[in-house]
Amino acid sequence: MKLRRCAVLMIEPREHLEFDLGVLFQGDAAFAARITWVALAPHLDGEVELSVEDLPILAHVGETLWMERDALPAEFDSARIAALLDTGILIGDLPAHAAHRLRDERTRAAHWRPLSAIGHAFSRWHGQRADIDPGTDRFKNVREMVEALGAPPPETISRASAAARIALPTAHSGALDLALFARYTGRNYDRAATLPTATAARLLQRTFGAQAHRELGPGAIALKKTSPSGGSLHPIEAYVLAQRVEGVATGLYHYHPLAHALEPVQALDAASASALALRFVAGQHWFADAPMLVVLAARVRRNFWKYRNHPKAYRAIVLDAGHLSQTFYLLAAEANMPAFITAAINEVDIEQALDLDPINDAVLAVLGCGEAANESSTVEFRSAT
Ligand SMILES: Cc1cc2nc3c(=O)[nH]c(=O)nc-3n(C[C@H](O)[C@H](O)[C@H](O)COP(=O)(O)O)c2cc1C
């Protein structure tokens, strides 16, 4: 039997602080630190705890060349080698190892930069609630936060004395002003309102639609959109969760940027769509009420085709998402509506609902928009004027 190491692997020495009553009674600090070795490999579903005996084994097995299992030094514990094969940290060539081997091969084929692959894979959420996150929810308001954490860093900085500043003329008005000043993140959507078909169509086409396309090389087609994209590759696909869009049955769709059409992924009844929306945005009910939500999911291989194993590639993809989001916001503002973006999302739940593989499809954010409710029960930052 032959084996090699999985393509992407980082090992983190993780500290666990434990309360130790015995130590407290001896008059020392009450906490004891224990270190475990945690393997982070993005082709696996979760972290894997290693034993210290695994480390010399992993120091012996490279990720590129296959080696005979029997060529490993005899002093290595066979049970540990078997456990590493079982968990998928080591990849074997037998049929029993096929599932991990295939996922590892997909990771290799995608050309992820290892740090980016790990950063993305291990920042995904499954079934999390951002509305009751103990990180920020223990504070009722900003005043309480400041009391507990101190004031944040200042709202901006000064790099020269006031006398050294070069005053600029007042910004003149321009065609974008109306939308720019009307843009805000809405957290109070009218649950009775339906998004008109024409509004949804304009929002989707002008944000995600191809305004032109051009063959740059054989089979290499670039889409021109209203937002810029790293390498002109536009890897981000838009998936629509239609809750109340006029003329569109409730459900999940893929927006086709060339056909300017919604492709059905899954039909849903109103209650399931609402539950899914809430799950997508990790319990942020102030967003889940929007009549239309849009998931941004990058087909990373489209970008990594050009930027293979590139240290900036994943960052460029995330920046692409930000540009699309602002375009979406401005179009919503033009249509007299608030919009939202959130990265506090349950990527794993979204992948499952849309049948996406996180090695190839990076779910990055959820957007949405809709008519504002008359009452405002969740805080918003309206009006720039
Ligand atoms: C990348 C990104 C992530 C955000 N995530 C959330 C979020 O999870 N929940 C939320 O209520 N607002 C979220 N927002 C909205 C911001 O809170 C909002 O932009 C900010 O309060 C300023 O308000 P404005 O957009 O109305 O100017 C996010 C904004 C950005 C750009």
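J.: What's the story with the overall build of the protein chain in this structure? I'm lost.
T.: For the protein chain, the helix and strand inventory stands at 13 helices and 14 strands. Residues counted as buried form 42% of the 385 residues belonging to the protein chain. Pairs at least 24 apart in sequence give 71% of the contacts found in the protein chain among residues at least 6 apart. Distance between charge centroids for the protein chain: 8 Å, based on 37 positive and 44 negative side chains.

J.: What exactly am I supposed to notice about the packing of aromatic side chains here?
T.: A ring pair, where both rings are aromatic, is described by two values, the distance of the centres and the angle of the planes. Inspection of every chain in the model, using the stated rule, returns seven aromatic pairs. Seen from their ring centres, Trp112 and Phe304 are 5.0 Å apart, and the 70 degrees between their planes marks the pair as edge-to-face. One end of the pair, Trp112, is in the loop between α4 (98–110) and α5 (114–121); the other, Phe304, is in helix α11 (residues 300–304), and 192 residues separate them in sequence. No difference in accessibility class separates Trp112 from Phe304, as the two residues are buried. Grouping aromatic residues by their ring pairs yields a cluster made of Tyr189, Trp286, Phe287 and Phe340.

J.: Mind showing me how you'd approach the site of the ligand here?
T.: As a structural note, the neighbourhood of the ligand is formed by Arg183, Tyr184, Thr185, Arg187, Gln284, Trp286, Phe287, Ile341, Thr342, Ala343, Ala344 and Phe381. In this structure, an oxygen atom belonging to the ligand sits 2.5 Å away from a side-chain N or O atom of Thr185. If the ligand stood free it would expose 610 Å²; the protein chains cover 59% of that surface. When contributions to the shell around the ligand are tallied by element, the ones reaching two or more residues are α10 (285–288) and β13 (339–342). Counted by class, the shell around the ligand contains seven nonpolar, three polar and two charged residues.

J.: Whenever I open this one, the sheet that holds strand β9 (residues 236–242) confuses me. Can you help?
T.: Backbone hydrogen bonds are what pair the strands of a sheet, in a parallel or an antiparallel way. Taking strand neighbours across the sheet as the criterion, the six strands line up as β11-β10-β9-β12-β14-β13 in an open arrangement whose pairing is antiparallel. At either margin of the open sheet sits one strand with a lone partner, and together these are β11 (261–267) and β13. This sheet shows a mean twist of 25 degrees between the axes of neighbouring strands, independent of strand direction. Where strand β12 (residues 292–299) lies against strand β14 (residues 361–369), eight bridges are found, and the strand directions are antiparallel. Residue Met292 lies in a different strand from β14, and its bridge partner there is Cys369. Along the sheet face, helix α9 (residues 270–280) touches β9, β10 (251–256) and β12 and points at about 135 degrees away from the line of β9. Packed on one face of the sheet, helix α13 (residues 347–354) meets β9, β10, β11, β12 and β14 and runs near 95 degrees to β14.

J.: Even after reading the chapter, I still don't get the domain arrangement of the protein chain, so can you show me in this structure?
T.: Buried accessible area, meaning the area lost when the parts come together, often serves as the stated size of an interface. Parsing the protein chain into structural domains produces domain 1 (2–110) and domain 2 (175–369). Computed from C-alpha atoms alone, the centre-to-centre distance between domain 1 and domain 2 is 37 Å. Between domain 1 and domain 2, a total of about 500 Å² is buried, with carbon and sulfur atoms accounting for 52% of that surface. When residues of domain 1 are sorted by the area they lose upon contact with domain 2, Arg103, Arg106 and Ala110 head the list and together hold 77% of the total. In this assembly, domain 1 and domain 2 are joined by two salt bridges. Between Arg103 and Asp357 there is a salt bridge, with the nearest N and O atoms lying 3.9 Å from each other. Linking domain 1 with domain 2 are two residue pairs in polar contact (both at pLDDT 80 or more). Here the side of domain 1 that touches domain 2 is built from residues that sort into two nonpolar, two polar and two charged.

What counts and how
- Position numbers for residues start from 1 in each chain and track the written sequence from start to end.
- Per-residue local features of the predicted model are confined to residues with pLDDT of at least 70, and side-chain atom pairs are confined, for both listing and counting, to 80 or more; whole-chain, interface and lining totals are unaffected and use all residues.
- Values reported for side chains reflect all heavy atoms of the structure, with hydrogen atoms and water molecules removed beforehand.
- Only DSSP runs of H or I reaching four residues or more are called helices, and only runs of E reaching two or more are called strands; each is numbered from the N terminus.
- Think of it in three bands: with a 1.4 Å probe and only protein chains considered, a residue is buried below 20% of the maximum accessible area for its type, exposed above 50%, and partly exposed in between.
- Two residues form a contact once any of their heavy atoms are found within 4.5 Å.
- Residues counted as positive are Lys and Arg, residues counted as negative are Asp and Glu, and His and the chain ends are not counted.
- To locate a charge, the coordinates of NZ of Lys, CZ of Arg, CG of Asp or CD of Glu are taken.
- Centres within 6.5 Å make a pair out of two Phe, Tyr or Trp rings, where for Trp the six-membered ring is used; the pair is then stacked when the planes are under 30 degrees apart, edge-to-face when over 60, and tilted otherwise.
- If a single non-hydrogen atom of a residue is within 4 Å of a molecule or strand, that residue counts as near it.
- What qualifies as a polar contact is a pair of N or O atoms within 3.5 Å, subject to a donor-acceptor requirement within protein and to the restriction that residues adjacent in sequence count only when both atoms come from side chains.
- All accessibility values rest on the Shrake-Rupley procedure with a 1.4 Å probe; residue burial counts only the protein chains present in the view.
- Classification convention: Asp, Glu, Lys, Arg as charged; Ala, Val, Leu, Ile, Met, Phe, Trp, Tyr, Cys, Pro as nonpolar; all other residues, Gly among them, as polar.
- When DSSP finds two or more bridges between two strands, those strands count as paired.
- Only the stretch in contact is used when fitting a helix axis, every axis being a line fitted to C-alpha atoms; angles between N-to-C directions are given from 0 to 180 degrees.
- An automatic or database domain assignment is the source of the domain bounds shown.
- Each of two parts loses accessible area, computed with a 1.4 Å probe, when they are put together; buried area is these two losses added.
- Here a salt bridge means any side-chain nitrogen of Lys or Arg lying within 4 Å of a carboxyl oxygen belonging to Asp or Glu.

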